[in-house]
Amino acid sequence: MRSLLPTGFAILATVLIFTSAEARKPSYDDPVSWDSIAASEWEIAPDSAKEIHSGAVIFERVEADDQKMTDDQHYLTIYRRVRVLNEEGKSWADVEVPYYHRDQKLRGVQARSIQRSGDTASLDLEQIRVKQTLKSDKFKVNVYSFSIPGVTSDCIIEWRIKLKMPVQYSYWAIQKSIPLLKGELRWKINRSSTDNWLLAILYPTGLQPYYIAQNLDKPVNVQRLPSLKDLKELYFTITDVPPFKDEVYSLPQKALEGNLHLYYSGSTSPAAFWGSIAGGIPRWLEAYIGPGKHIKKVVEQFDSLPTPDARAEAAYYWLQDSLLNLSYRSDADTSKELKDTESAAEALKKRRADDDDINRIYCDMLRTMNIDAKMAYALDRTENLLVEEAMYWQFDQTLVAIPDSLGGFKFVSPGHKFLPFGSAPWYVEGISALVGGGTTMFQAIPFSTSGNSKTISVLNLDLTEEMNLTGTLSETRTGHRARGIRIDCFDAGSADASRVIRDKLRDRYTHFEIDSVVCENLEAANKPLKVAAKLTTSQPVGDLVGQRLLIRPVELLEKSENPFTAETRVHPVIMSYPFETTDAIQIAFSSEWTVDALPADTVFANRLGTCGLHVTTFDGHVAIQRVFKLYSPFVPLEQFTELQKLYSARQAQSAATVSLVRAGS
Amino acid sequence: MKVASSRDISALAHTDAEWITLSRVETMRVGANGHASSHIQVAYKVLKSSGITSAVLVEDTYVWRKVKGVHGWHILPTGKSETFDAATLVSVAPNAAADSHDDSHMLVGAFEKVVVGSIVAFEYDVEETSDWAGTFQGCLMQRQQPVAWVQYSVELPSDWQLQFVLKSAEMVTVDSAGGKYTFTAMNLPFRPDEPYMPPWAELSRWVLINSFPSGPTSKVTHFPSWRDAAFWVDSLHFLPSEPNSEVTQFVKERFAADSTIDGKLRSIASFVQNDIRYVAIEIGKGRFVPRHSSATLRNRYGDCKDKVALMRAMLTSIGVPSRAVLAKVSMRAHTELSTPFQFDHCIVAIPDSVSPEMATIAEAHVGDWVLFDPTEPSAPFGTLPIHLYGTATLVAVDDDSCLMQIPMLQSGRSTRRYKADAALAADGSITARVQVVDHGNIAAYTAHRRKSISPADRVDSVRQRFTGTIPGVKITDYQSGEGGDSTWAAYTLSGDNYLQTSGDLKILKLDFMQTPEKPAFKKTERANPIWFGYPWEVEGEVTWRLPEGWTAELVDTLNAECRTARATLIMTASDGGFRCANFEAQDGGVMEASEYAAARAFRKEYERMTTAKTVLHVK
């Protein structure tokens, strides 16, 4: 299926959208006028160098008409022509009309296929299908789609749609999954904001059109028409855009694909825009907090603590423990009638608030304790990345910024359940946050260290007569490693926590059956999470070669895959967070066996991480210690080879073999 | 609700069960006009938070199938209760893909505050106003989660008959009296997900029925026999499969270069399969009535029955007879139920007498017919998609041969043979020249896949296959091709650090073409049947050359066998090294849970083969 839907957009998401769109077929209000087809378009053929395989978008022409914007009327026309080169390319003929807004109306659809012979097959109105994808008592969502007739493995297809929308077209995904030979966008702008009273108040100097082109190898050509002085239209063109390549462990597609953002702003520069926003953040906080006497009362209990850091930490955990976090509802909470609270006073009185409000309360608690904390806003990097040059609100996470001794900030968030003090959620590490009221608007949120998120496992195993392994596991997790499990257990409900943990252990210790799971500190964010369990293999381990038993102890753990085996890489690598894993396996064997050979110790280290393996034997035991550390989850392209080497070294540990031989042989 | 919630379900508690059906009672009444009306009462108890989203009302709706009179109740663990607001019902289109257009919806009703321990119940009516509604119906008694009580009743007009099948539902009791049939089951335990199971579509417990008047009927949608069903299918396909001048002219021009009937037939098959893209338009009667062949030809798209109608029209225009055939891809059809509505796919049957060459086709030859699926590009003419083997089909002929079973594919008909000449260097690196030849179904699938991806991706997909076993593997000098019913590939692979060392020991994995398998059957008990997959056979040989002065310890021959699969690994000495021969075959059959011990023993040995190693010695 090919569609113009913004990447990742799910029609069947549970967000309820009201629409007044009727399930009727669109009408044509323009006569059909197709561009002529040049001979060169027929000459487009598979070409490895140009990455043309199944087809290419010959051109895509977009017209975004905002001239009636002040009446909430925007018109979008998309005209796309595709060269189909094989069976796979035919799927571009199945088109779903993009869905931008509940009140959009489809004003025209034309489509056809053209053969080399000149024969054409045009889309009939009857062939346009309306799918009512969602309907309830109050709303419905209709999606239009069509399949272009007459498509062969060597043809050209083209279609044009026109939409009327109450919102502006703001994002052009230029890069497709096949090459784009020419892209054009005409933006018919609206400069008459003063016609609209609300816009006139908000933007007394008028609205200016802005654009940002991202992730393109060559610049987008821009013409200001008819002239710079009398600007009515911005005309963008670009040629030869390669296909977007999806790769494992990448930033979200929206942050990587070639694109063009379009928007209006009353500000004259990003600095002015963000400065204004940053300046407003303290006022928003004050508005929420109100008079603040209730905050003063709460912080009195921490006065006796010796240092600001100690008070900040105590206040953090007090807030996490004392207020019900409405953004994380357990079963018991769901069954109650618990409305959101509207102010800090109400939240403290009723002992509940959502995650953002908990952060606001915490910020004010710190300020009341004379710690110059500030509210900060960030964006979940698994969704998108902040575009600082773009003068519009982009954030979806709140944080509290606490000044550190080096003139920077430490970012914390008691509103994120089970997040320990001193940490930010991992999905905001490595990006910039907008800090309210500070001298520097954007501050980097550093990655945590690998030592912050550890998994330490100790396996004590006995080799049985049947060559099975049986024994115990004790595992300790900290940081993000622990929080992930805590959240999963919370979501599953306390009665199911053991099962959740057992399933996690099964994923990690794939050769074993897991039983008798016991967990400590499941809800204590400031303590390591400890798990104990019994392990058994139900089948003999290792390979018998003659009188030797060859055991690969590292393979008893999760398979050490190397996800970075591609020969080339287009995008930088981003994993979740830095981490450390330490595994200690001890295998006791009877006098029936002696140690024949042990693998050599291995150590590999580079700037991205280390991995090491150490094997010893003593008194009827073999002891294996394996360590893996990833220092940074972000790996720029130029360091990709180093990352491959690190993971290759880790993968090679799986082959480490201990050889036991029957005594006396 | 009271009865349902008071049932003792302690025996059904299972640590992995997410919810339990306390009670499901469905009573269906079929009218003389064929319409059906059902009254349904269902109650669930939520056992885990993952079960919350399943304690809902979900019913398919169509133009001719409506849900009415929905009531619901929710009792919280605290004892507090609430009733369902029907205004919150939501209708959702289950399939939003651009190449699929259908008018079915799912009606979904749910309570907002359901928690673990909640009891949720719904009661509603379903009205089906098509005159074939009573023809094929079913009640899903159980899929995976436990069921305390389920009862399905069917009331027929006094002069009607019922055929029924208990699919994977041997424990269901059947009572009948005065035109009312009642199917009841209770205390159905939780069924875990286990490795190497048949698909849940096969394991789900169903009561399936077909009903029809005992005497003569004017309704074409009553099917007392398979001949009646076949006749009906043929009647639907008759007009759409008639060639008009547009189709006839097209065939004449397009396939003029093919001078023989066999050549034209194959070219037509290829055209319909590859040049008519698959787009499903299941709207109204379009669900089972094909579009006219000329419309499909003009559109260059259609679903399975549209493609069949077009192909038949084209064949008719060159004097080749054919028949539409109904098949089933989702779960096996039941020959005890003479209704065409249990099928969900359409293919073509051509008499094998149309040309001498037809008689030589092996895989797709069933009885006097050669079958062809025009929707599956990986199954060219002469082969069938693997999932059709072993299934029942309905050929639209007016005689008793209409019901036809496609035999199971023999494993020897879908084979891969490989040969590798490998050299191990003293530094532990390897270089090998590999040749792989596929025959039969595997060949068709492989050939299709290769054509679908770029040459660079073909090489990369081979490389990816070895990255887990050969660190830093490189693939060079890649070539591939097709010949007859086979497809081949040859390439050179090389990699460092293939040899493992442990102290002074040098350990070599015998066959790098085999991917190491993790233990699959870890548990000592088994609830579900065992199925290793579709039939196939692999035979391979790796000949190793070792560095001068190196020898290998010969490992004992490894054998593994169970009723549906077997495997062997044999290591023999050879000049300058050794040879490792590997053979694996599975016949696609299903083993019962009672055969688990044998299946487990097989897997244990098979997994050993995939990781088999030898120890090398340096003189």
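Everything discussed here concerns the structure shown above.
The structure displayed is predicted, hence computed values, not measured ones. (Residues numbered from 1 in each chain as written. Chains lettered and ligands numbered in written order. Predicted model: local features only at pLDDT ≥ 70, side-chain atom pairs only at ≥ 80, totals over all residues. Heavy atoms only, no water.)

Participant: So what exactly am I meant to see when it comes to the packing of helix H10 (residues 479-492) of chain A against helix H11 (residues 497-508) of chain A here?
Facilitator: Helix packing geometry: the angle between the two helix axes and the distance between the axes. Residues and elements named next belong to chain A. The N-to-C vectors of H10 and H11 enclose an angle of 140 degrees; their axes lie 8 Å apart at closest approach. What the angle tells us is that H10 and H11 run oblique. Relative to H11, H10 is oriented so that their crossing is right-handed. Contacts from Ile485, Asp488, Cys489 and Ala492 of H10 reach H11 at Ala497, Val500, Ile501 and Lys504. (Axes fitted to C-alpha atoms, helices over the stretch in contact; angles between N-to-C directions. Helix = DSSP H or I, 4+ residues; strand = E, 2+ residues; numbered from the N terminus. Parallel < 35°, antiparallel > 145°, perpendicular 65-115°, else oblique. Left-handed = near helix turned anticlockwise from the far one by under 90°. Contact = heavy atoms within 4.5 Å.)

Participant: Can you walk me through the pattern of salt bridges in this structure?
Facilitator: Two side chains with opposite charge may pair up if their charged atoms get near one another. In total, this model carries 69 salt bridges over all chains according to the counting rule given. We note a salt bridge from A:Arg508 to A:Asp583, for which the minimum N-O separation is 3.1 Å. Here the residue A:Arg508 occupies a position in helix H11, and A:Asp583 occupies one in strand E30 (residues 579-588), the gap between them amounting to 75 residues. The same class applies to A:Arg508 as to A:Asp583, namely buried. With a closest N to O distance of 3.2 Å, B:Glu517 and B:Arg603 form a salt bridge. With B:Glu517 in the loop between strand E30 (505-509) and strand E31 (530-531) and B:Arg603 in helix H10 (residues 596-610), this pair connects stretches of sequence that are 86 residues apart. The network of salt bridges with shared partners includes A:Asp496, A:Arg499, A:Arg502, A:Asp503, A:Arg506, B:Asp16 and B:Lys48. (Salt bridge = Lys/Arg side-chain N within 4 Å of Asp/Glu carboxyl O. Buried < 20%, exposed > 50% of the residue type's maximum accessible area, 1.4 Å probe, protein only.)

Participant: Help me understand the sheet that holds strand E6 (residues 120-122) of chain A in this model?
Facilitator: Backbone-to-backbone hydrogen bonds pair the strands of a sheet. The strands run either parallel or antiparallel. All names here are of chain A. If you walk across this open sheet you meet the eight strands as E6-E5-E9-E3-E2-E11-E14-E13, and the pairing is mixed. Two strands in the sheet have a free side with no partner beyond their single neighbour: E6 and strand E13 (221-226). When strand polarity is set aside, the average angle formed by the axes of neighbouring strands in this sheet is 10 degrees. Bridging between strand E3 (residues 73-84) and strand E9 (residues 155-165) involves eleven bridges; their strand directions are antiparallel. Following the sheet pairing, tyrosine 75 is matched in E9 by lysine 164. (Pairing = 2+ DSSP bridges.)

Participant: Can you walk me through the pairing of strand E25 (residues 414-424) of chain B in this structure?
Facilitator: For a regular strand, the rule is simple: side chains alternate between the two faces of the sheet. Note that E25(B) and strand E26 (residues 430-440) of chain B share eleven bridges and pair antiparallel. Within the sheet, the bridge partner assigned to B:Ala422 lies in E26(B) and is B:Ala432.

Participant: Looking at this model, I keep getting lost on the interface of chain A and chain B. Mind explaining?
Facilitator: One widely used convention gives an interface's size as the accessible area the parts lose upon coming together. Contacts between the two partners involve 65 residues from chain A, matched on the other side by 67 residues from chain B. Taken together, both faces of the contact between chain A and chain B bury some 5,500 Å²; the carbon and sulfur share is 48%. Summed over the shared surface of chain A and chain B, the result is six salt bridges. A per-element tally of the side of chain A that touches chain B places strand E7 (residues 128-135) of chain A first, with six residues. Note that E7(A) and strand E6 (residues 90-92) of chain B share two bridges and pair antiparallel. Residue pairing across strands places A:Leu134 opposite B:Val92, the latter belonging to E6(B). (Buried area = accessible area lost by both parts, 1.4 Å probe.)

Participant: Could you clarify how one ought to interpret the environment of B:Gln342 in this entry?
Facilitator: Residues and elements named next belong to chain B. If you trace the backbone, glutamine 342 turns up in the loop between strand E19 (323-327) and strand E20 (345-351). Distance from glutamine 342 to leucine 326, taken between C-alpha atoms, is 9.3 Å for residues 16 residues apart in sequence. Residue contacts for glutamine 342: discarding those within four places in its chain leaves Phe136, Trp226, Lys328, Ala333, His334 and Leu337.

Participant: How should I be thinking about helix H4 (residues 245-254) of chain B in this particular structure?
Facilitator: Think of an α-helix as turning once every 3.6 residues; residues three or four places apart then point the same way. All names here are of chain B. Along H4, the positions that sit buried rather than exposed are Val247, Phe250 and Val251. In a view along the axis of H4, the buried residues occupy a sector of 95 degrees, so they form one face of it. Away from its buried face, by an angle of more than 90 degrees, H4 presents the exposed residues Ser245, Lys252 and Glu253. Looking at the buried residues of H4, the elements they touch are helix H5 (261-274), helix H6 (293-299) and helix H7 (304-317). One side-chain oxygen at the N-terminal end of H4 lies 3.1 Å from the backbone nitrogen of glutamate 246; it belongs to asparagine 244. (Arc of directions from axis to C-beta. Polar contact = N/O pair within 3.5 Å; in protein donor to acceptor, adjacent residues only side chain to side chain.)

Participant: What exactly am I supposed to notice about the nonpolar core here?
Facilitator: Grouped burial of nonpolar side chains is what soluble globular proteins tend to show. Residue and element names in this part refer to chain B. Core analysis: the largest hydrophobic core is formed by 63 residues, its most contacted members being Ile268, Met311, Met314, Ile350, Leu371, Phe381 and Leu394. Counting only elements with at least two residues in this core, the list comes to helix H3 (226-238), H4, H5, H7, E19, E20, strand E22 (369-372) and strand E23 (392-395). Ranked by residue count, the leading element in this core is H7, at seven residues. Two domains share this core, each providing at least three of its residues, namely domain 1 (2-213) and domain 2 (226-407). Not counting chain neighbours up to four residues away, the residues in contact with leucine 371 comprise Val325, Ile347, Val348, Ala349, Ala364, Val366, Thr383, Leu384, Met404 and Ile406. With 56 residues, the next largest nonpolar core counts Leu499, Leu510, Leu569 and Tyr596 among its residues. (Core = buried A, V, L, I, M, F, W, Y, C linked by side-chain atoms within 4.5 Å. Domains from an automatic or database assignment.)

Participant: What should I look at first to understand the side chain of B:Ser411 in this one?
Facilitator: All names here are of chain B. Position of serine 411 among the secondary structure elements: in the loop between strand E24 (403-405) and E25. Relative accessible area serves as the criterion here: at 12%, serine 411 is assigned to the buried category. Not counting residues up to four positions away in its chain, the partners in contact with serine 411 are Pro535, Trp536, Glu537, Ala585, Gln586 and Asp587.

Participant: I'm lost on the packing of helix H4 (residues 270-289) of chain A against helix H9 (residues 355-368) of chain A in this one. Help?
Facilitator: Residue and element names in this part refer to chain A. In contact at an axis separation of 10 Å, H4 and H9 are set at 95 degrees when each is read in the N-to-C sense. Between H4 and H9, the angle is such that the two are roughly perpendicular. Across from Leu285, Tyr288 and Ile289 in H4, the residues of H9 making contact are Asp357, Arg360, Ile361, Cys363, Asp364 and Arg367. Here the contact of H4 with H9 is built from residues that sort into five nonpolar, no polar and four charged. (Nonpolar A, V, L, I, M, F, W, Y, C, P; charged D, E, K, R; others polar.)

Participant: How do you make sense of the environment of A:Arg650 when you look at a structure like this?
Facilitator: Residue and element names in this part refer to chain A. For arginine 650, the location among the structural elements is in helix H12 (residues 640-653). A residue is classified by how much of its surface remains accessible, and arginine 650, at 15% relative accessible area, is buried. Arginine 650 sits 292 residues away from isoleucine 358 along the chain, and the two C-alpha atoms are 41 Å apart. Each residue touching arginine 650, except ones within four places of it in the same chain, is listed here: Ser560, Glu561, Cys611 and Phe628. Separated by 3.4 Å, the side chain of arginine 650 and the backbone oxygen of glutamate 561 make a polar contact.

Participant: I would appreciate a short explanation of the environment of A:Leu461 in the present structure.
Facilitator: All names here are of chain A. Within the secondary structure, leucine 461 sits in strand E23 (residues 454-463). Considered as a pair, leucine 461 and tyrosine 100 are 361 residues apart in the sequence and their alpha carbons are 58 Å apart. Setting aside chain neighbours within four positions, we find leucine 461 in contact with Leu469, Thr470, Gly471, Phe512, Leu535, Leu556, Ile585, Gln586, Ile587 and Ala588.

Read these as layout, nothing more, since geometry by itself doesn't imply function.
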